[in-house]
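Listed below are the residues making up each chain.
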Amino acid sequence: MSPDDILRIDGLTKIFFGFRALDGLSLHVSRGEILGLVGPNGSGKTTCINVVSGLYAPEDGSIRFDGAEVAGLAQHKLVHRGINRTFQVPKPFMQLSARENVEVAIAYGGARQGEVDAAALLGSLNLDAVANRPAAELNSAQQKMLDLARALATKPKLLLVDELAAGLNPAELDWVAAKLKEFARSGMSIIVVEHLMGFIEQVTDRVVVMNAGKEIFGGTLGEAVQDKQVVEVFLGGGHAH
Amino acid sequence: MLTYSLLAGLLFGLYFSLVGLGLNLVFGVMRIVNLAHGDFLMLGAYCAFWLYTLFGVDPVFAIPVAFVLFGLVGLPLYYLLVPRLLAARDPEMLSIILFFGLSQVIEALATIAFGTSEQSIPGGDLGRALREGWGRLTGHEIESGPVEIFGQSFPSAWIISGVASLIAVALVYLYLYRTRTGYLTRAVMSRRDEALATGIDVNRVSAIAFGIGIALAAVGGVFAPFMLGSITPAMGVDSTVVSFAVIVMGSLGNPLGTVLGGLVYGVSYMLVQSYLSSWANLLPYLLLIAILLVRPSGLLGKRVRLA
């Protein structure tokens, strides 16, 4: 593991009832890097996020984070170590206000006391106007930002972003892209799972293309679209189980 | 007759709240169905019975013993069963099968250990040690006979059971709303995934809730000889059905809704006992079906189902 890498995955395997959702996946993420994880539906992108974030334990393989093996650790322990994620469909505590949702994450997420200010964090994500409203009353874009705020409140070193851009309008997409770049400049590493290639191109330094639970390409998005195997996978006929 | 039925119904309602409370707590936190709930109640009843029979322990003192003992049983049982269940594709359905099996095992073992004969504890012996202690302290002995409320006489054991149930409900409320672990418990009940993602140790919180759920069932069992008349190893199934009727009525997944469900069930039970006694055993099933058809989210409705 290079000292520049915050995450290195080797031979990661996750099997659901006989189906190999991850089949020996290997990849790495450098400090301050934004890595795009792309691939057709069912290629294992979200499973990768779920395994790295501790939602599922892998059957095999290694996940080294910040110099330590973390494969199979419980999700709350990974949050405390500095890995957090957003969800495709945000699941905030609906009865709690936006501010309280963030405060819960500040209190239990492992950030040092006083390290995160809930009001400032909500303000930075344009949620200050709805800070005192129950999460259930926020629209879907606001709930996505609240989900991001919840993850940021735990001071992650590695942020896993699962389809954050879906459903956002072009102005919101530009704004979110700028935010993610800002986080990366501050030293945070980010893995972005996304179907919107324009957004991926806008925010990522490098992409890993996945198919059938494996990495089939690593490089820039511009290089990926020139790759024969990648093109086959996206245009059909290349999905090998 | 009506006044008696209503007052007795309230006393029984409080007791039934206690009976269903643990089951609802477990369902609310873990979304698993503990079909062995009534069997832990049965074991709690035998705990009180044997403490009384062998050592002459006042059943009131069996309450803390049962709570601690069964709470400690619940913790390892959680780690043995529940995390694997929750990792399954359909934990709710699998939990029904698994805990049904556990219920059968517990009942079979209890039958081997205790036999099939009905057992009971004299109603006047509930709280006897407390009355004697009070008498020694003050010089005034408290009678163990019936207690009069609004001109109606009720066994003192019913009053003690009702009061103890009320205290148990209040303690669960304080736990959920006034303690840090209770706050985390409500967070897990609200959104398990979100709780995990905020860094909450969901497994630990769930294990504590599971232990408390089983401990509450056992405490309910301590009063079973007085409220249900007698105890047998087969009583667990009936107790589970009653618990389900109570929590479905109140609001599945909302422990405090159990109190409303318990009171409605208790009053209905005593009214049917008084005016249509041959229908009394059908009541839990009829209420369950009626509530599921008319208001499946329970009397307190969807807004409070997430606690």
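Everything in this summary refers to the structure shown in the same document.

Regarding the overall build of chain A
Counting secondary structure elements, chain A contains nine helices and ten strands. For chain A, whose C-alpha radius of gyration is 17 Å, the value lies close to the compact-globule estimate of 18 Å for 241 residues. Over its C-alpha atoms, taken along the principal directions, chain A stretches across nearly 50 × 40 × 35 Å. Relative to its full complement of 241 residues, chain A shows a buried share of 46%. In chain A, 66% of the contacts between residues at least 6 apart in sequence involve partners at least 24 apart.

Looking at the interface of chain A and chain B
Facing 21 residues of chain A, the contacting portion of chain B comprises 14 residues. Listing elements by their share of the side of chain A that touches chain B, those giving two or more residues are helix H2 (75–81), strand S6 (83–85), helix H3 (98–108) and helix H5 (140–152) of chain A. Ranked by residue count, the leading element in the side of chain A that touches chain B is H2 of chain A, at four residues. Each residue belonging to the side of chain A that touches chain B can be placed in one class, and the counts come to ten nonpolar, eight polar and three charged.

Section: the sheet that holds S6 of chain A
All names here are of chain A. Taken in spatial order, the six strands make up an open sheet running S6-S7-S8-S3-S9-S10, and their pairing is mixed. Both outer strands of the open sheet, S6 and strand S10 (214–219), are each paired with one neighbouring strand and no more. Strand-to-strand twist across the sheet, computed as the mean angle between neighbouring axes with direction ignored, equals 20°. Where strand S3 (residues 34–38) meets strand S9 (residues 206–211), four bridges bridge the pair, whose relative direction is parallel. Bridging across to S9, Leu-37 finds its partner in Val-208.

Considerations on the nonpolar core
Ala-149 and Ile-191 of chain A together with Ala-66, Ala-218 and Val-219 of chain B are the most contacted members of the largest nonpolar core, which totals 168 residues. The dominant element in this core, judged by the number of residues it contributes, is helix H1 (residues 2–30) of chain B, at 15 residues. Setting aside chain neighbours within four positions, we find Ala-66 of chain B in contact with Gly-44, Cys-47, Ala-48, Ala-218, Val-219, Gly-221 and Val-222 of chain B.

Considering the sheet that holds strand S4 (residues 60–65) of chain A
Residues and elements named next belong to chain A. Taken together, four strands build an open sheet; the order of strands is S2-S1-S4-S5 and the sheet is antiparallel. Since the sheet does not close on itself, it has two edges, and those belong to strand S2 (19–30) and strand S5 (68–69), each with one partner. Sheet topology places S4 next to S5; two bridges connect them, and they run antiparallel. Residue pairing in the sheet places Arg-64 in a bridge with Glu-69 of S5. Seen against the sheet, helix H1 (residues 45–52) touches strand S1 (5–16), S2 and S4 and runs at an angle of roughly 70° to S2.

Quick notes on the rules
- Residues numbered from 1 in each chain as written.
- Chains lettered and ligands numbered in written order.
- Predicted model: local features only at pLDDT ≥ 70, side-chain atom pairs only at ≥ 80, totals over all residues.
- Helix = DSSP H or I, 4+ residues; strand = E, 2+ residues; numbered from the N terminus.
- Rg over C-alpha atoms; globule rule 2.2 N^0.38 Å.
- Buried ≥ 20, exposed ≤ 12 C-beta atoms within 10 Å, placed from the backbone.
- Contact = placed C-beta atoms within 7 Å.
- Nonpolar A, V, L, I, M, F, W, Y, C, P; charged D, E, K, R; others polar.
- Pairing = 2+ DSSP bridges.
- Axes fitted to C-alpha atoms, helices over the stretch in contact; angles between N-to-C directions.
- Core = buried A, V, L, I, M, F, W, Y, C linked by C-beta atoms within 7 Å.

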